[in-house]
Amino acid sequence: MPRRLAVLLSGRGSNFEAIAEAVDSGAIPGAEIVAVISDVPAAVGLERARRRGLPAFPVDRSGFASRGEHESEILRILEEAKPDLICLAGYMRVLSPEFVARHRGRILNIHPALLPKFPGLHAQKRALEAGETVSGCTVHFVDEGTDTGPVILQRTVPVLPGDTEESLSERILVEEHQAYSEAIRRVLSGGVKSP
Ligand code: GRF
């Protein structure tokens, strides 16, 4: 029975690409990507999806009068795609409580910090500024908060002397690309129970 994945993204989509590669190589057994949705029509990640022949759905926020209407359209696409898991991969909008409730336990997110430290924007910069010696990434279930849901797995990287926001972000990103597929695999195999 194939396991259906939807991906929501707003930007370059390198995590999406890593997931797609893991699907193609069989590293996430039985998985298929059934929809790639973006609130940013020009997102590089959408183009990456098209190049892979995957269903790519631009849902421009500015085309809708309200957040609710925008989300309704995304929910409609998800209703048709029937994903088992919805993977947020650089999706830059906070989902409404109604959206989360509709898909509770099925939504995953990746964050470039060791949550609960540094939720929200500019996590890598704030880890540097706080003088952390270790940082990393977290894959977690999404709840109503911002980067607050139950943790599925974390990977650490050292913060090195002379690190900049860019160098630390790149080091973390390498781990993100491994971590997301591993987390999806664990959830789909039942090794991690959804909340
Ligand atoms: C990643 O750092 C991810 O942790 C954060 O947004 C970034 C997305 O990068 N949520 P990409 O679009 O997957 O390349």
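Just above sits the structure.
Residues numbered from 1 in each chain as written. Predicted model: local features only at pLDDT ≥ 70, side-chain atom pairs only at ≥ 80, totals over all residues. Heavy atoms only, no water.

**Remarks on the overall build of the chain**
Then, in step 1: Within the chain, the secondary structure is distributed over six helices and seven strands.
Then, in step 2: Each helix and strand of the chain, ordered N terminal to C terminal, gives the series β-α-β-α-β-α-β-α-β-α-β-β-α.
Then, in step 3: The C-alpha radius of gyration computed for the chain amounts to 16 Å, which stays within 12% of the reference 16 Å derived for 195 residues, consistent with globular compactness.
Then, in step 4: C-alpha extents for the chain along the principal axes are approximately 50 × 40 × 35 Å.
Then, in step 5: Within the chain, buried positions represent 48% of all 195 residues.
Then, in step 6: Pairs at least 24 apart in sequence give 62% of the contacts found in the chain among residues at least 6 apart.
Then, in step 7: Put simply, the chain shows about 9,100 Å² of open surface, and 53% of that area lies on carbon and sulfur atoms.
Then, in step 8: Here the chain contributes 23 positively and 26 negatively charged side chains, and the mean placements of these two sets differ by 4 Å. (Helix = DSSP H or I, 4+ residues; strand = E, 2+ residues; numbered from the N terminus. Rg over C-alpha atoms; globule rule 2.2 N^0.38 Å. Buried < 20%, exposed > 50% of the residue type's maximum accessible area, 1.4 Å probe, protein only. Contact = heavy atoms within 4.5 Å. Areas by Shrake-Rupley, 256 points an atom, 1.4 Å probe, with all protein chains shown as cover. Lys, Arg positive; Asp, Glu negative; His and termini not counted. Charge placed at Lys NZ, Arg CZ, Asp CG, Glu CD.)

**Brief notes about the site of the ligand**
Then, in step 1: Neighbouring the ligand are the residues Arg12, Gly13, Ser14, Asn15, Gly90, Ile110, His111, Pro112 and Glu176.
Then, in step 2: In this structure, an oxygen atom belonging to the ligand sits 2.8 Å away from a main-chain N or O atom of glycine 13.
Then, in step 3: Contact with the protein chains covers 86% of the free accessible surface of the ligand, which is 370 Å².
Then, in step 4: Elements with a contribution of two residues or more to the shell around the ligand: helix H1 (14-24) and strand S5 (107-111).
Then, in step 5: Per-class residue counts for the shell around the ligand are two nonpolar, five polar and two charged. (Near = heavy atom within 4 Å. Polar contact = N/O pair within 3.5 Å; in protein donor to acceptor, adjacent residues only side chain to side chain. Nonpolar A, V, L, I, M, F, W, Y, C, P; charged D, E, K, R; others polar.)

**Some remarks on the sheet that holds strand S4 (residues 85-88)**
Then, in step 1: Ordered by their spatial adjacency, seven strands build an open sheet running S3-S2-S1-S4-S5-S6-S7, and the pairing between neighbours is mixed. Looking along the sheet, the strands with just one partner apiece sit at the ends: strand S3 (56-58) and strand S7 (151-158). Averaged over all pairs of adjacent strands, the angle between strand axes in this sheet comes to 20°, irrespective of strand direction.
Then, in step 2: Docked against the sheet, helix H2 (residues 44-51) engages strand S1 (3-9), strand S2 (31-38) and S3, running at close to 150° with respect to S3. (Pairing = 2+ DSSP bridges. Axes fitted to C-alpha atoms, helices over the stretch in contact; angles between N-to-C directions.)

**Some points on unusual backbone geometry**
Then, in step 1: For the bond running from leucine 115 to proline 116, omega is 15°, close enough to zero to count as cis.
Then, in step 2: Summarising the element assignment, proline 116 is placed in the loop between S5 and helix H5 (123-129).
Then, in step 3: Here phenylalanine 118, not a glycine, exhibits a phi torsion of approximately 55°, which is positive.
Then, in step 4: Of note, phenylalanine 118 is situated in the loop between S5 and H5.
Then, in step 5: Relative accessible area serves as the criterion here: at 15%, phenylalanine 118 is assigned to the buried category.
Then, in step 6: We note that aspartate 147 has phi near 60°; this positive angle belongs to a residue other than glycine.
Then, in step 7: Note that aspartate 147 resides in the loop between strand S6 (134-141) and S7.
Then, in step 8: The buried category is assigned to aspartate 147, whose relative accessible area is 15%.

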